[in-house]
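# Structural characterization, general
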Amino acid sequence: MAHATLTITMPEEVWIHELSTAYPESTFRVLAAVPGPESGFALVRITGPTVSAVIEAMAEHPQLTELTVAQQDIHEATVHFEATTPLLLVSSRESGVPIELPIEIVDGEATVEVTGSRERLAELADQLERFGFQYRIDDVRERLQERQLLSERQLEVVVAAIDAGYYDTPRRCSLTELAAHLDIAKSTCSETLHRAEEAIIKQFVAALPGVAEHVELEDRPTSA
């Protein structure tokens, strides 16, 4: 499974582009959203110095057919609404790629995180282009579960080392003491930790934007 972070420019004809560019100092944070047959429903938190003006503009916009203010103060409000053009939700539904919430939209641009197969992500890109979205891919990486990254034994030893204070500064447990606690040879304990640390560090570096493409990673070990 691949995890991607996208910056999406909303089409100019969509209400969120019009309002977020008219009030660029405001942040629209989509907390929940669901597409209907011909519309979409969303819960959005708006923050900024002109919240009241933003809500008034939303209430008057023809693409928003229903608007309820759930909470409001001077610089923040939470609103529930129905929109007639939920293009981003439709793109997600048609491609089969769930969009992770929350989504932040500022000045016409949305920061979106998605997880799916490479084929599904390619289909999402096609759907975005179909509906007139412009986008750039900020980051793509494989999403691994901890049990894929480390073997059962490596995970056991690393957790024991953390609990014993092996990685504390100053260290509260020596390698000899850790090996004795686990009832394994000191050399086995050292080798298992080294392989686990190698896998963890390489995965960490691979996830850093702008770094992974400059580092050639070897296959990760799957056993101690």
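These numbers come from a predicted model, not from an experiment.

### Focus: the packing of aromatic side chains
- Going through the model one piece at a time under the given rule, you end up with two aromatic pairs.
- Between W15 and F81 the ring centres are 5.1 Å apart and the planes differ by 80°, which places this aromatic pair in the edge-to-face class. Of this pair, W15 sits in helix 1 (residues 15–22) while F81 sits in strand 5 (residues 76–83), placing them 66 residues apart in sequence. This pair shows no difference in class: W15 is buried, exactly as F81 is.
- With a centroid separation of 5.1 Å and 85° between ring planes, the pair formed by Y166 and Y167 is classed as edge-to-face.
- By relative accessible area, which is 35% here, Y167 ends up partly exposed.
- Across from the ring centre of Y166, 3.9 Å away, lies the NZ or CZ of R171, which sits over that ring.

### Observations regarding helix 1
- Here helix 1 has its buried residues at W15, I16, H17, L19 and S20.
- Taken together, the buried residues of helix 1 touch strand 2 (27–35), helix 2 (51–60), strand 4 (64–72), strand 5 and strand 6 (99–106).

### Re the side chain of T115
- Assignment of secondary structure puts T115 in strand 7 (residues 109–116).
- Take T115: its relative accessible area is 16%, and that puts it in the buried class.
- At a separation of 2.9 Å, a polar atom in the side chain of T115 contacts the side chain of H3.
- Separated by 2.8 Å, the side chains of T115 and E100 make a polar contact.

### Points about empty space enclosed by the protein
- Within this structure, the stated rule accounts for one cavity of 30 Å³ or more.
- Of the volumes computed, that of the largest cavity is approximately 300 Å³.
- Around the largest cavity sit 21 residues that line it, and W15, V30, L88, L89 and I105 are the ones nearest its centre.
- Those elements that provide at least two residues to the lining of the largest cavity are helix 1, strand 2, strand 3 (40–47), strand 5, helix 3 (87–95) and strand 6.
- For the lining of the largest cavity, the element with the highest residue contribution is strand 3, accounting for four residues.

### Here's the deal with the pattern of salt bridges
- One pass over the structure, following the stated rule, counts eight salt bridges.
- Put simply, R136 and D138 hold a salt bridge, and the shortest N to O gap is 3.0 Å.
- For D138, a relative accessible area of 36% corresponds to the partly exposed category.
- Residue D168 is joined to R172 by a salt bridge in which the shortest nitrogen-to-oxygen separation is 2.7 Å.

Rules and cut-offs
- Residues numbered from 1 in each chain as written.
- Predicted model: local features only at pLDDT ≥ 70, side-chain atom pairs only at ≥ 80, totals over all residues.
- Heavy atoms only, no water.
- Phe/Tyr/Trp six-rings, centres within 6.5 Å; stacked < 30°, edge-to-face > 60°.
- Helix = DSSP H or I, 4+ residues; strand = E, 2+ residues; numbered from the N terminus.
- Buried < 20%, exposed > 50% of the residue type's maximum accessible area, 1.4 Å probe, protein only.
- Lys NZ or Arg CZ within 6 Å of the ring centre and 35° of its normal.
- Contact = heavy atoms within 4.5 Å.
- Polar contact = N/O pair within 3.5 Å; in protein donor to acceptor, adjacent residues only side chain to side chain.
- 1 Å grid on protein atoms, 1.4 Å probe; cavity = no way out; pocket = protein on both sides within 12 Å on 5 of 7 lines; lining within 4 Å.
- Points joined across faces, edges and corners; volume = space filled by probe spheres on them.
- Salt bridge = Lys/Arg side-chain N within 4 Å of Asp/Glu carboxyl O.

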